[in-house]
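The lines below spell out each chain.
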Amino acid sequence: MARGLELTPRLRRLADWVPLGTRLADIGTDHAYLPVWLVLEGQVASAIASDLRPGPLQRAKETAKTYGTEIDCRLCNGLTCITPDEVDTIVIAGMGGETIAAILSAAPWTAMGHHTLLLQPMTRSEALRLFLMDHGYAIKREALVLDRGTIYPCMEVIAGQMRLSTGQLWGGAFLRQDPLGDTYIIQKIIRLQSAIAGLRHSERPDDYEKADRLREIVTALLSMREEWRHANGPGN
Ligand SMILES: C[S@@+](CC[C@H](N)C(=O)[O-])C[C@H]1O[C@@H](n2cnc3c(N)ncnc32)[C@H](O)[C@@H]1O
């Protein structure tokens, strides 16, 4: 524990993936717990903590002061106040998958092969995986973390090419061996089934198509679940 500052399991997983001695930027930092913890642990060479809003940035400054750490606090949207050559590792955590995709889309230099991205979407992780696949990023590793009753995906992403199946877009890229993989897939299936049920009484042709598309995703997830059970069943 870094002098009394304890990270939640979600942030701790990201911290464990931060390369030793890196120059870090934590985008959407809020309290700046992650960069302050990493500085206290001596794990990073430098840390920038940025946020879109003044309130969270003020909280970041207060955390840095409380723990007597030097972090560079910046107010801006996404990566607009970060230059490519001042950081090696970028964390974007605790936001929706579409927001994370929009932040990366506005900073195409993140797909040029010089940076490690640690991404942790709270919602719409499938939209983020699709964006990454279509824009020159590759998921190097992915893991699930259980934090206060909710399962969150964490991803390490680099520049590269990848092809993900429908099942992998929705159920995770590399979660075949993940202990939480089965529960994560089941939760996705339940949410999709409830969306399909909501469309059942609609008479709009668009909604028929939407329901058909969602059924295809459920089928893909069911076969992913079979693969997960096969890989993790007794004797494996
Ligand atoms: C729920 S907090 C997450 C804090 C921390 N990263 C974590 O994972 O625990 C989300 C933060 O992202 C910030 N945020 C949202 N959109 C942003 C953007 N486009 N650029 C920078 N920060 C953003 C919000 O102001 C908020 O402080």
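Residues numbered from 1 in each chain as written. Predicted model: local features only at pLDDT ≥ 70, side-chain atom pairs only at ≥ 80, totals over all residues. Heavy atoms only, no water.

An unreviewed UniProt entry annotates the protein chain as SAM-dependent methyltransferase of Pusillibacter faecalis.

1. Overview of the state of the cysteines
Linking two cysteines covalently through their sulfur atoms gives a disulfide. Under the convention used in this document: A pair of cysteine sulfur atoms is labelled a disulfide when the two atoms are within 2.5 Å.
Tallying each qualifying case throughout the model produces one disulfide. Between the sulfur of Cys76 and that of Cys81 lies a disulfide, 2.1 Å long from S to S. As the torsion about the S-S bond is roughly -50°, the Cys76-Cys81 disulfide counts as left-handed. The closest cysteine sulfur to the non-disulfide-bonded Cys73 is located on Cys81, 11 Å from its own sulfur.

2. Observations regarding the packing of aromatic side chains
Note the threshold: Each Phe, Tyr or Trp ring, with Trp reduced to its six-membered ring, pairs with another whose centre is within 6.5 Å; inter-plane angles below 30 degrees give stacked pairs, above 60 give edge-to-face pairs, and intermediate values give tilted ones. Each residue is placed in one exposure class: buried if its accessible area under a 1.4 Å probe, protein chains only, is under 20% of its type's maximum, exposed if it is over 50%, and partly exposed if it falls in between. Two thresholds decide whether a charge sits over a ring: the Lys NZ or Arg CZ must be within 6 Å of the ring centre and within 35 degrees of the ring normal.
What the rule picks out here adds up to one aromatic pair. Ring geometry for Phe131 and Tyr137: centres 5.8 Å apart, planes at 35°, overall tilted. Here Phe131 and Tyr137 have matching classes, each one buried. Looking at Arg10, its charged tip hangs above the ring of Tyr152, at a distance of 5.8 Å from the centre.

3. What to know about the domain arrangement of the protein chain
Spelled out, the test is: How far each domain reaches was decided by an automatic or database domain assignment. What gets called buried area is simply the loss in accessible area from a 1.4 Å probe that two parts show on being joined, summed for both. By definition here, a salt bridge exists when the distance from a side-chain nitrogen of Lys or Arg to a carboxyl oxygen of Asp or Glu is within 4 Å. N or O atoms closer than or at 3.5 Å make up a polar contact, with two conditions inside protein: a donor-capable atom paired with an acceptor-capable one, and, for residues adjacent in sequence, both atoms drawn from side chains. Strands are runs of DSSP state E lasting at least two residues, helices are runs of H or I lasting at least four, and both sets are numbered from the N terminus onward. Only Asp, Glu, Lys and Arg are considered charged, only Ala, Val, Leu, Ile, Met, Phe, Trp, Tyr, Cys and Pro nonpolar, and every remaining residue, Gly among them, polar.
Taken as a whole, the protein chain is organised into domain 1 (9-162) and domain 2 (181-232). For domain 1 and domain 2, the distance between their C-alpha centres works out to 30 Å. Together domain 1 and domain 2 conceal approximately 380 Å² of surface at their shared face, both sides included; 57% is due to carbon and sulfur atoms. At the surface where domain 1 touches domain 2, the tally comes to zero salt bridges. For the interface between domain 1 and domain 2, the tally reads three residue pairs in polar contact (both at pLDDT 80 or more). Elements that contribute at least two residues to the side of domain 1 that touches domain 2 include exactly helix 5 (125-134) and strand 7 (150-159). Considering every element that reaches the side of domain 1 that touches domain 2, the biggest residue donor is helix 5, with three residues. Of the residues belonging to the side of domain 1 that touches domain 2, the class tally is three nonpolar, one polar and two charged.

4. Concerning the site of the ligand
Here is the rule: The near set for a molecule or strand comprises every residue that places at least one heavy atom within 4 Å of it. Areas reported here follow the Shrake-Rupley algorithm with a probe of radius 1.4 Å; residue values treat only the protein chains shown as occluding. Points on a 1 Å grid over protein atoms alone make up a cavity when a 1.4 Å probe fits among them but cannot get out, and a pocket when they form an open set with protein on both sides within 12 Å along at least five of seven lines; lining residues each have an atom within 4 Å of a point. Think of it this way: a molecule belongs to a cavity or pocket when more than half its atoms come within 2 Å of the grid points there.
Within the structure, the ligand sits among 16 residues, and Arg10, Gly28, Asp51, Asn77 and Gly78 are positioned closest to it. In this structure, Arg10 approaches the ligand through a side-chain N or O atom, which is 2.7 Å from an oxygen atom. One nitrogen or oxygen atom from the side chain of Asn77 is found 2.8 Å from a nitrogen atom belonging to the ligand. Contact with the protein chains covers 80% of the free accessible surface of the ligand, which is 600 Å². At a threshold of 2 Å from the grid points, most atoms of the ligand map onto the largest pocket. Counting residues per element, the shell around the ligand draws most heavily on strand 4 (residues 89-95), which supplies three residues.

5. Digging into the pairing of strand 7
Rules: A strand pair is defined by DSSP finding two or more bridges across the two strands.
Judged by how many residues are buried, strand 7 sits mostly within the fold: seven of 10 residues are covered. Of the strand pairs in this sheet, strand 5 (residues 116-121) and strand 7 are connected by three bridges, and their pairing is antiparallel. Residue pairing in the sheet places Leu118 in a bridge with Glu156 of strand 7. Judged from the 10 bridges that link them, strand 6 (residues 137-147) and strand 7 form a sheet pairing that is antiparallel.

6. Description of the environment of His201
Among the secondary structure elements, His201 is positioned in the loop between helix 7 (181-199) and helix 8 (205-232). In sequence terms His201 and Gly136 are 65 residues apart; their C-alpha atoms lie 40 Å from each other.

7. Concerning the pattern of salt bridges
A full pass over the atoms with the stated rule returns 15 salt bridges. We note a salt bridge from Arg124 to Glu98, for which the minimum N-O separation is 2.9 Å. Here the residue Arg124 occupies a position in the loop between strand 5 and helix 5, and Glu98 occupies one in helix 4 (residues 97-105), the gap between them amounting to 26 residues. With a relative accessible area of 45%, Glu98 lands in the partly exposed category. The partner of Glu156 in a salt bridge is Lys140, with the nearest N and O atoms 3.5 Å apart. In this pair, Glu156 sits in strand 7 while Lys140 sits in strand 6, placing the two residues 16 residues apart along the sequence. In this structure Lys140 comes out as exposed when scored by relative accessible area, which is 54%. Look at the salt bridges and you will find they share partners, linking Asp72, Arg74 and Glu86 into a network.

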